[in-house]
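Now for the letters of each chain:
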Amino acid sequence: MTFLTTQCFLTYAGFQDVHVMIFIGFGFLMTFLQRYGFSSVGFNFLIAAFSLQWATLMQGLLHGLHDGKIAIGVESMINADFCTGSVLISFGAVLGKTSPLQLLIMAIFEVTLFAVNEFILLSLLGTRDAGGSMTIHTFGAYFGLMVTRILYRPNLDKSKHKNSSVYNSDLFAMIGTIYLWMFWPSFNSAITEHGDPQHRTAMNTYYSLAACTLSTYAMSALTAHDGKLDMVHIQNAALAGGVAAGTAGEMMLTPFGSMIVGFLAGIISVLGFKYLSPILEAKLKIQDTCGVHNLHGMPGILGAVVGAITSSVVPKEVYGNGLKKVFPDVANGVRDTSYQGAMQAASIAVTLGIALFGGLVVGFILKLPMLGAPHDNACFEDSIYWEVPGEEHHMEELTAVRTEEDEKLNS
Amino acid sequence: MTFLTTQCFLTYAGFQDVHVMIFIGFGFLMTFLQRYGFSSVGFNFLIAAFSLQWATLMQGLLHGLHDGKIAIGVESMINADFCTGSVLISFGAVLGKTSPLQLLIMAIFEVTLFAVNEFILLSLLGTRDAGGSMTIHTFGAYFGLMVTRILYRPNLDKSKHKNSSVYNSDLFAMIGTIYLWMFWPSFNSAITEHGDPQHRTAMNTYYSLAACTLSTYAMSALTAHDGKLDMVHIQNAALAGGVAAGTAGEMMLTPFGSMIVGFLAGIISVLGFKYLSPILEAKLKIQDTCGVHNLHGMPGILGAVVGAITSSVVPKEVYGNGLKKVFPDVANGVRDTSYQGAMQAASIAVTLGIALFGGLVVGFILKLPMLGAPHDNACFEDSIYWEVPGEEHHMEELTAVRTEEDEKLNS
Amino acid sequence: MTFLTTQCFLTYAGFQDVHVMIFIGFGFLMTFLQRYGFSSVGFNFLIAAFSLQWATLMQGLLHGLHDGKIAIGVESMINADFCTGSVLISFGAVLGKTSPLQLLIMAIFEVTLFAVNEFILLSLLGTRDAGGSMTIHTFGAYFGLMVTRILYRPNLDKSKHKNSSVYNSDLFAMIGTIYLWMFWPSFNSAITEHGDPQHRTAMNTYYSLAACTLSTYAMSALTAHDGKLDMVHIQNAALAGGVAAGTAGEMMLTPFGSMIVGFLAGIISVLGFKYLSPILEAKLKIQDTCGVHNLHGMPGILGAVVGAITSSVVPKEVYGNGLKKVFPDVANGVRDTSYQGAMQAASIAVTLGIALFGGLVVGFILKLPMLGAPHDNACFEDSIYWEVPGEEHHMEELTAVRTEEDEKLNS
């Protein structure tokens, strides 16, 4: 490993914004569970600190070698945080149902597959995905959904009473939501080219988020039987606008285009939480604790589709001199805009394929009994893995960790 | 709308600091109420996401047109956040007593009037108000105070037991306070000219806040019968130094001058909370939930007066080459310093006039019964508007939303 | 005082990161105590706002004079925050056992001694200590440990039941931990030279922290009898990697070198919390509330030693043109690397000497009865100094503040 010392330090402030999203944003967003706050923020911290090191190696080997050495710098730190974000999205799907050891094993494989997928998309297919609608959100969500499908627990209702929030846990979660929301423009623009493209990406994301927040509140009230707002929607769906602007944010989406995309993302996300998630759990046996399908899955695909369309339909003249920064192959005459759009669309399929297949394999690996998964009646519960103050006797009646025998009984 | 792509990206870090103040700072500052945390941070989020879009349009139409299109860029985003801050100050005055619909209606009118007042001050009168002692704080506070006066509830003591904090709600509020305090130097300097003026503004604000914090602690202990500190003072009055440095921070106030201003602001603010607010409520029927008169009203006017005096008495030679950045009209010889000071003073009257008249009209509009104001015994209560975990039965005995009949009985 | 207006504004973003660490990081890190959250975040706020003003004067007089005036600017603001950090570390040692008046007296003396020690190290000995392993962490920790030794309370077990956390207080503390962790790269690099040295410092710190987090989690689980993680370790030891990279971070430590240092720091810190702290309390009568010896004391000395070794053993050729930025005396040929290393080592002794002697004297000053130390049965308790909501009657049975008579009985 060597420092890439020639690299500009200007992106450092962007890195810090992304870093806050990864550690505070994701960490506190998941503290909404009443008895899983230590694990949410603590395992988030552990997995992230591990993944960013592993991602530096994996991404470095695949597309960061300079003279045979891994070049590290502010940009590699941002990319490592991006990859980590993907792992944390998958963590959201299995939240409360896995041991730290399972999570670390998942991170090892997921980071590696993330780097492979990223390499195929960005380097082989020439896809643009500045904010990672595909590479981060779609990949992380469907990987995690497949893992949680494989780890399906038919008797999870034994822990049902703990799979919900209390007043203060919802407030802690709002810290995560607001930080993610505020810094998402920095996230999507962190590794775009300085100047106009970065400027445009940040602002497209900003307007998408603002519009998404309004549609989220409206849909949350409209879909409730008594017009009351649901914290689950506010904490999650209001962020879907950032996910959906992840690919096209860098492109000529325009402020109004961004608002339309964000508005749609909020609607889709709330509807997903309200109507689709219960169906996925009942019919497809997908127990998605944080509803990552609604925040990252569907909005990620929406963002990828918007990116493909925008690539195809916006004439290259609109970009002027900035074309080579956003679409270098189009600027060089190697491909036309419709070909670029086709590659963007193909990337969705590649991402879904790698995510679902990877999640399948990793899910079975995580079923290995020595990895210490919690018992069905001890899910969503800190005190299996943490010294919880004033609760020395609380866990005595619970069988904390699954044994091989339990596995047989349950499966 | 079009992107102002030639604009410098350097101010982006300042924008993010301001953004954090608007969403985390204001949002969590208001979570001090024991049963109104969801609404405080959640309605803050909703109103802010709405207001910044509406402000972009209103401010753009009034003073941001380039070739007939609204130019948007990092500076317009900062200005939209500033305008949003004003709405959130007014929200503080009516906190707990209004429905989200009322708040959105209030935001529509207040943003518009803010843009008008800002246009008169900055464009017509040539007033300087970098950190918005007048445009943001004085305007937002007196607008909100007039609205809450019009919405006066004689039977608000039915909800009195909920108009107070609990231990953890005070800690959540401190998150808001500390973020506002830390980033206030960025707030006041966000749209000042790069270089010396920005440098000076940030540091004047920093020293004003530091001195204000000391006088706040001292006054809080001195005015208590048993020498104990009051969280209300710490959460609010310690910020008055930022408000009071909002106009003159950009000028040659000097570090010691800033400290004196901040020190005074802390004293005024604590005395306001302790002695003036109860009188305003008893005599003038102003029910000011967050005490915005003490944090934004009086310190805002103090800041405006300090700005008028500093404009008048500091000789233009002191600014050297920097004069044209701070006082372009004085540098061009169009006006002298005393005339500039007079314009600054006149701006206070204009701001108060527009704020009070606007608040009067908007207050009556908000009395429309279909806007769903909460009943007197359901104020300061989340569960009217939110699904609150574990509290399904809590609200049954409360009549949640005012009906027309209630209105008659109460008025 | 005069503004140093020629100074670059580029470091402002770094200043804000450091500022967040001082006010949010330290403030919330100490909220882990169940009944001392108001005091933790509130006294942290008070002491910090006071210390940064006093530090500006003291540091300015000792090494910031320009033409007989104290030059202030973004760099002086960062240095004042650094000095404040040292005071807050000492606050951690005496947390819960001192009155605000005692803390302010302590701050007056500690800031002064900090500036003296800093002057001796940086200006007289030519020591490099960019992130303050010695000047900030070692100094603050051993000063505070000596103060708490002098203020030893044999009957502190009367407040034992309050010297622990509850569920939500641990979550509030994690806000502090995560902010300190995220922004530590900015802290260590805030006043290093722009360009490569700053770049290198930030990244060395980042990798040290990442590795430290992993060893902290591993050691926390390994040293527990049942494999459970302990929040005390996670909240504190995971940060030791930042402390330990404070001196050598600026030097050619390399990413792998940084990881080794961080990994060791995490191990030492957890072992300190688990085994050394109880011994220090039982044998040496050092009641170290936050365990600052484990987070700042030992990792600070480790960092200083690593800095001395790195200075000595890395050939000056490795730095190339950057040598004069990091080791100006070595670049000028005034001293060789081994002499530089010797000065670095000597600085540890000087720092320990000043810290321990200063803590001794200040400890006795703080024993003055009129300073209002809390009674043994009222330690770790907010309600002596704060209006605590809903707890009007809670403190009646406690004798709140020590009287002279109590002193005699206890001593």
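Residues numbered from 1 in each chain as written. Chains lettered and ligands numbered in written order. Predicted model: local features only at pLDDT ≥ 70, side-chain atom pairs only at ≥ 80, totals over all residues. Heavy atoms only, no water.

Enquirer: Please explain the environment of Ala48 of chain A as it appears in this structure.
Expert: All names here are of chain A. Topologically, Ala48 is positioned in helix α2 (residues 37–63). For the pair formed by Ala48 and Leu88, sequence separation is 40 residues and the distance between their alpha carbons is 7.5 Å. If we skip the residues at most four places from it in the chain, Ala48 touches Ile22, Phe23, Thr84 and Leu88. (Helix = DSSP H or I, 4+ residues; strand = E, 2+ residues; numbered from the N terminus. Contact = heavy atoms within 4.5 Å.)

Enquirer: Any chance you could explain the interface of chain A and chain B here in plain terms?
Expert: How big an interface is tends to be stated in terms of the accessible area lost upon association of its parts. Taken together, the contacts link 42 residues of chain A with 46 residues of chain B. Where chain A abuts chain B, roughly 4,100 Å² becomes buried across the two surfaces, and 75% of that area is made up of carbon and sulfur atoms. Ranking the residues of chain A by area buried against chain B places Tyr167, His199 and Tyr206 of chain A at the top, with a combined share of 18%. Counting across the interface, chain A meets chain B through zero salt bridges. Joining chain A to chain B, the criterion identifies twelve residue pairs in polar contact (both at pLDDT 80 or more). Breaking the side of chain A that touches chain B down by element, the ones donating at least two residues are α6 (167–189), α7 (196–223), α8 (231–237) and α10 (255–284) of chain A. The leading source of residues in the side of chain A that touches chain B is α6 of chain A, at 15 residues. Tallied by class, the residues present in the side of chain A that touches chain B amount to 27 nonpolar, eight polar and seven charged. (Buried area = accessible area lost by both parts, 1.4 Å probe. Salt bridge = Lys/Arg side-chain N within 4 Å of Asp/Glu carboxyl O. Polar contact = N/O pair within 3.5 Å; in protein donor to acceptor, adjacent residues only side chain to side chain. Nonpolar A, V, L, I, M, F, W, Y, C, P; charged D, E, K, R; others polar.)

Enquirer: Please clarify how the environment of Glu110 of chain B should be interpreted in this entry.
Expert: All names here are of chain B. Structurally, Glu110 is set in helix α4 (residues 100–124). When its relative accessible area of 0% is taken as the criterion, Glu110 is described as buried. Separated by 27 residues in the primary sequence, Glu110 and Cys83 place their C-alpha atoms 8.8 Å from one another. Setting aside residues up to four positions removed in sequence, Glu110 forms contacts with Ser86, Val87, Ser90, Phe139, Gly140 and Phe143. Within polar-contact distance, the side chain of Glu110 engages the side chain of Ser90 at 2.6 Å. (Buried < 20%, exposed > 50% of the residue type's maximum accessible area, 1.4 Å probe, protein only.)

Enquirer: Honestly, the UniProt feature "transmembrane region" (unreviewed entry) in chain A in this entry has me stumped. Any pointers?
Expert: Residues and elements named next belong to chain A. The UniProt entry lists residues 12–33, 45–65, 77–96, 103–125, 131–152, 164–184, 259–276 and 345–366 under the feature "transmembrane region" (unreviewed entry), expressed in the numbering used here. In this annotation, residues 259–276 is assigned 100% helix and 0% strand; the end-to-end C-alpha distance for the span is 24 Å. Between the first and last C-alpha atoms of residues 345–366 the distance is 31 Å; the span itself is 100% helix and 0% strand. (UniProt positions renumbered as here; feature names shortened; annotations may be inferred.)

Enquirer: Teacher, can you tell me more about the packing of helix α1 (residues 12–29) of chain C against helix α6 (residues 167–189) of chain C here?
Expert: How two helices pack is summed up by the angle between their axes together with the distance between the axes. Residues and elements named next belong to chain C. The geometry of α1 relative to α6 is characterised by a closest axis approach of 7 Å and an angle of 155 degrees between their N-to-C directions. In terms of orientation, α1 and α6 fall into the roughly antiparallel class. Handedness of the crossing formed by α1 with α6: left-handed. Only Phe172, Ala173, Ile175, Gly176, Thr177, Tyr179, Leu180, Phe183, Trp184, Ser186 and Phe187 of α6 make contact with α1, whose side of the interface consists of Asp17, Val18, Val20, Met21, Ile24, Gly25, Phe26, Phe28 and Leu29. For the contact of α1 with α6, the per-class residue count stands at 15 nonpolar, four polar and one charged. (Axes fitted to C-alpha atoms, helices over the stretch in contact; angles between N-to-C directions. Parallel < 35°, antiparallel > 145°, perpendicular 65-115°, else oblique. Left-handed = near helix turned anticlockwise from the far one by under 90°.)

Enquirer: What should I look at first to understand the environment of Ala115 of chain C in this one?
Expert: Residues and elements named next belong to chain C. Positionally, Ala115 belongs in helix α4 (residues 100–124). Separated by 54 residues in the primary sequence, Ala115 and Leu61 have C-alpha atoms spaced 9.3 Å apart. Setting aside anything within four residues of it in sequence, one finds Ala115 in contact with Met58, Gln59 and Leu62.

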